[in-house]
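Okay, here's what each chain looks like letter by letter:
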Amino acid sequence: MTIEIWLAFVAASAVVLAIPGPTILLVIGQSLGAGRRGAAPLVAGVALGDLTAMTLSLAGLGAVLATSATAFTIVKWLGAAYLVWLGVTLWRAKVPEQGAAPVALPAARAMRDAYVVTALNPKSVAFFVAFVPQFVAAGAAFAPQAAILIATFVVLAAANAAVYALLAGRLAGTVRRPAVRRLVNRAGGTMLIGAGVATAAMRRI
């Protein structure tokens, strides 16, 4: 792989990641409710989720999802249901008393939520199988190139999620009144529910 091909992949990936999807909506929604302290496990979950999705896509699952209506539908509804459940949970979350600091989700739960939403996005898996091979040199070994591209995308995805999480977390830190915090939670929950509905409405590529 030449440096030119790698830089082209970095640029293309940055453009793709800049467009908020279900994963980023989750990160924003949970960070608005929990503050910056919950950013690290969310970012770790996103990174592991993208690592799983890219690895599975290059291993052949992406092709299955792109050609099998049944497989695509199962993964789609699992992801959609999880997003809606997270949105409803955030809507119903208890709000701290006046002046109390935002309460972050347990690290394991935040990481799990981010991982599941990222890994269960069927569009991502199907997208990777069409996107990544365009940057693989035909005359060289596939595995080393795939490893470089996967590692690059995962690092970029983690950095992107971290920026969104920290910005949303900083906004949450400025909120003091319980009524405003409740509004923030419901706004984040609404975004997650909307992302779930959008995921349920997705069609195969």
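Residues numbered from 1 in each chain as written. Predicted model: local features only at pLDDT ≥ 70, side-chain atom pairs only at ≥ 80, totals over all residues. Heavy atoms only, no water.

1. Looking at the packing of aromatic side chains
Aromatic ring pairs are defined here through the distance separating the ring centres and the angle between the ring planes.
Next, step 1: In the structure shown here, the tally under the stated rule is 1 aromatic pair.
Next, step 2: Seen from their ring centres, phenylalanine 9 and phenylalanine 135 are 5.3 Å apart, and the 75 degrees between their planes marks the pair as edge-to-face. In this pair, phenylalanine 9 sits in helix α1 (residues 3–18) while phenylalanine 135 sits in the loop between α7 (122–131) and α8 (142–173), placing the two residues 126 residues apart along the sequence. For the pair phenylalanine 9 and phenylalanine 135, a shared accessibility class is recorded, and that class is buried. (Phe/Tyr/Trp six-rings, centres within 6.5 Å; stacked < 30°, edge-to-face > 60°. Helix = DSSP H or I, 4+ residues; strand = E, 2+ residues; numbered from the N terminus. Buried < 20%, exposed > 50% of the residue type's maximum accessible area, 1.4 Å probe, protein only.)

2. Describing the packing of helix α3 (residues 39–58) against helix α6 (residues 107–119)
Next, step 1: For the pair α3 and α6, the least separation of the axes is 7 Å and the interaxial angle reads 30 degrees. On the basis of the axis angle, α3 is roughly parallel to α6. Taken as a pair, α3 and α6 cross one another with a handedness that is right-handed. Along the contact surface, α3 presents Pro41, Leu42, Ala44, Gly45, Val46, Leu48, Gly49, Asp50 and Thr52, while α6 presents Ala107, Ala110, Met111, Ala114, Tyr115, Thr118 and Ala119.
Next, step 2: Considered class by class, the residues forming the contact of α3 with α6 number 11 nonpolar, 4 polar and 1 charged. (Axes fitted to C-alpha atoms, helices over the stretch in contact; angles between N-to-C directions. Parallel < 35°, antiparallel > 145°, perpendicular 65-115°, else oblique. Left-handed = near helix turned anticlockwise from the far one by under 90°. Contact = heavy atoms within 4.5 Å. Nonpolar A, V, L, I, M, F, W, Y, C, P; charged D, E, K, R; others polar.)

3. Points about the pattern of salt bridges
Next, step 1: In this structure the tally under the stated criterion is 2 salt bridges.
Next, step 2: Here arginine 109 makes a salt bridge to aspartate 113, at a shortest N to O gap of 3.9 Å. Pair noted here: arginine 109 and aspartate 113 are both in helix α6, with a separation of 4 residues, about one helical turn.
Next, step 3: Residue class for arginine 109 comes out partly exposed when judged on its relative accessible area of 27%.
Next, step 4: In this structure, arginine 112 engages aspartate 113 in a salt bridge whose closest nitrogen and oxygen atoms are separated by 3.1 Å.
Next, step 5: Residue classification places arginine 112 among the partly exposed positions, given a relative accessible area of 39%. (Salt bridge = Lys/Arg side-chain N within 4 Å of Asp/Glu carboxyl O.)

4. Some details on α6
Next, step 1: Spanning 13 residues, α6 covers 18 Å between terminal C-alpha atoms, matching the ideal 18 Å at 1.5 Å per step.
Next, step 2: Restricting attention to buried positions, one finds in α6 the residues Ala110, Asp113, Ala114, Val116, Val117, Thr118 and Ala119. (Expected span 1.5 Å × (residues − 1).)

5. So, α1
In an α-helix, one turn spans 3.6 residues, which is why side chains three or four residues apart end up on the same side.
Next, step 1: Here α1 contains 16 residues, and its C-alpha end-to-end distance of 22 Å stays within 8% of the 22 Å for a straight helix at 1.5 Å per residue.
Next, step 2: Those residues of α1 not exposed but buried are Phe9, Val10, Ser13 and Leu17. Buried residues of α1 fall within an arc of 100 degrees about the axis and therefore sit on the same side. Counted as exposed and oriented over 90 degrees from the buried face of α1: Glu4 and Val15. (Arc of directions from axis to C-beta.)

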